[in-house]
Amino acid sequence: MRTSRPSLRVRLTAVLAGAAAVGALLTAGATTARAADVPLRDLADAKSKVMGTAVTGSKLTGTYGDIAGAQFNWLTPGNAMKWGSVEPTRGTYNWAEADQIVAFAEAHGQQVRGHTLAWHSQNPSWLTNGTWTSAELSQLLNDHIALEVGRYKGRLAAWDVVNEPFNEDGTYRQTLWYNGLGTGYIAQALTAARAADPDAELYINDYNVEGVNAKCTALYNLVKSLKEQGVPIDGVGLQAHLILGQVPSTLQQNIQRFADLGVDVAITELDIRMTLPSDSTKLAQQAADYKAVMNACVAVTRCTGVTVWGFTDSDSWIPDTFPGQGAATPYDENYAPKPAYYAIAEALGGSGPSTDGCTATYSVSSQWNTGFTGQVTIACAGGSLSSWKVGWEFGAGQQITQAWNATCTQSGTAVQCVNASYNGTVADGGSVTFGFNGSWSGSNPVPTVALG
Ligand code: XIL
């Protein structure tokens, strides 16, 4: 592993903040039923991981800015550092948004991941429409990298130097760079970036390379060969623009095989999209998917951490790019944390939503020879909920047969019910009731219910 100044800074902060986060968890746990929410960045620190988000500079005020600053310790400019953003007209530069994001990060003790230098997309039209000799193209690439990486020298922890170099079948993507310079553009870009900022970790980043497949194996072979040639390459970025219920089963194994090559791995653009509208079942599946991705990274030492591609559904590229899809991020459009947010927290050793001030009460409203109707009321006084989950054990063989106003599942004696899409919110002073039918024989005692 390269020992550059940014990495040392990360590790030191992790140790210090980690100790604080563990202390806070213990204290809160001793005095309340559930620990108060600990920001994701502190939970990540305690695990020596980073938790990042892509951001849009113009939105970094108000609630958006508060959450971006409080919950995350890495930022990636979603668009601000792309070539088309910084040099829309040849020789005319616009660094305003990129500068603003870097300044915001420094003010909030955050690291920045630069994104991105050599890509086929979001380039200025003067570049893509130009006619260039190989020598001219080579010069353009070198100059661009020297200028942009040099501008932020010593201030950025990492760069996605090369983005999306492969086709799905593992062949090289036909791009401006590949067509003009051959595969050598990759080593050239990495070498230029190292020269411009020796302390930044240099990455190759791609999508659909999260599981072991043809594209990912091409990436693996490229990284292996770059390492063998002594080309500066420090890490691999797995973008992870995933589809609900389709986290690759080989994710952890795949992260590990890159780590075994002697490079770091980062999940750089995580989002998990679903067909709209969202509902409680899809959001629960999404939470499980987020947790699976987090767990895979936490399990591999050289996985540096996870960046989400936008933290709120109001700032996500998904609805524009995949019509009919969305709800892909951990916070909803009104900045309420979704089950996915708590799943991330739990994977990092934190807790689910605080249920302080809220209670769940179980009662049997009618009972006949083999069946019964029950209900659970969730009431808040001095707290509130944006989603809820109630669990209990049926110790006398009871079995749920049907539920309404909640989605209930029973596995053996354990029952778990989560809110429906329309009744997750319980205001301070308010309540929500759901009901169910069940079967019983012998006895039908009232179980102890847990809200959480
Ligand atoms: C996306 C941005 O989020 C959008 O705002 C923009 O319109 C298109 O690009 N892979 C990448 C990112 O590496 O740069 C892309 O970002 C998403 C896919």
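All values derive from a computational prediction rather than experimental measurement.

**With respect to the packing of helix H12 (residues 280-299) against helix H14 (residues 339-347)**
Part 1: At their nearest, the axes of H12 and H14 sit 8 Å apart, and the two run at 25° to each other. It follows from the interaxial angle that H12 and H14 lie roughly parallel. Between H12 and H14 the crossing geometry is right-handed. Of the residues in H14, those in contact with Leu-283, Gln-286, Ala-287, Tyr-290, Lys-291, Met-294, Asn-295 and Val-298 of H12 are Pro-339, Ala-340, Ala-343, Ile-344, Glu-346 and Ala-347.
Part 2: Looking at the contact of H12 with H14 residue by residue, the class counts come to ten nonpolar, two polar and two charged.

**Brief notes about the pairing of strand S5 (residues 201-206)**
Part 1: Counting buried positions along S5 gives six out of six residues, so the element sits mostly inside the fold.
Part 2: Because side chains alternate across S5, one face comprises the buried residues Glu-201, Tyr-203 and Asn-205, and the other comprises Leu-202, Ile-204 and Asp-206, equally buried.
Part 3: The sheet contact formed by strand S4 (residues 158-163) and S5 spans five bridges and is parallel. When the bridges of S5 are listed, Asn-163 appears paired with Asn-205.
Part 4: Judged from the four bridges that link them, S5 and strand S6 (residues 235-238) form a sheet pairing that is parallel. When the bridges of S6 are listed, Tyr-203 appears paired with Gly-235.

**Digging into the packing of aromatic side chains**
Part 1: Inspection of every chain in the model, using the stated rule, returns 23 aromatic pairs.
Part 2: Ring geometry for Phe-166 against Tyr-172: centres 4.8 Å apart, planes inclined by 35°, an arrangement best described as tilted.
Part 3: With a centroid separation of 5.4 Å and 10° between ring planes, the pair formed by Trp-388 and Phe-434 is classed as stacked. Remark: Phe-434 occurs in strand S17 (residues 431-439) and Trp-388 occurs in the loop between strand S12 (371-380) and strand S13 (389-393); sequence separation between them is 46 residues.
Part 4: Residue Trp-388 is classed as buried on the basis of its relative accessible area, which comes to 4%.
Part 5: The class for Phe-434 is buried, based on a relative accessible area of 1%.
Part 6: Through a chain of ring-to-ring contacts, the aromatic side chains of Tyr-362, Phe-372, Trp-388, Trp-392, Phe-394, Phe-434 and Phe-436 assemble into a single cluster.
Part 7: Above the plane of the ring of Tyr-207 lies Lys-215, whose end atom (NZ or CZ) is 3.6 Å from the centre.
Part 8: Taking the ring centre of Tyr-220 as reference, the NZ or CZ of Arg-257 above it sits at 4.7 Å.

Here is what the cut-offs are and how they apply
Residues numbered from 1 in each chain as written. Predicted model: local features only at pLDDT ≥ 70, side-chain atom pairs only at ≥ 80, totals over all residues. Heavy atoms only, no water. Axes fitted to C-alpha atoms, helices over the stretch in contact; angles between N-to-C directions. Helix = DSSP H or I, 4+ residues; strand = E, 2+ residues; numbered from the N terminus. Parallel < 35°, antiparallel > 145°, perpendicular 65-115°, else oblique. Left-handed = near helix turned anticlockwise from the far one by under 90°. Contact = heavy atoms within 4.5 Å. Nonpolar A, V, L, I, M, F, W, Y, C, P; charged D, E, K, R; others polar. Buried < 20%, exposed > 50% of the residue type's maximum accessible area, 1.4 Å probe, protein only. Pairing = 2+ DSSP bridges. Phe/Tyr/Trp six-rings, centres within 6.5 Å; stacked < 30°, edge-to-face > 60°. Lys NZ or Arg CZ within 6 Å of the ring centre and 35° of its normal.

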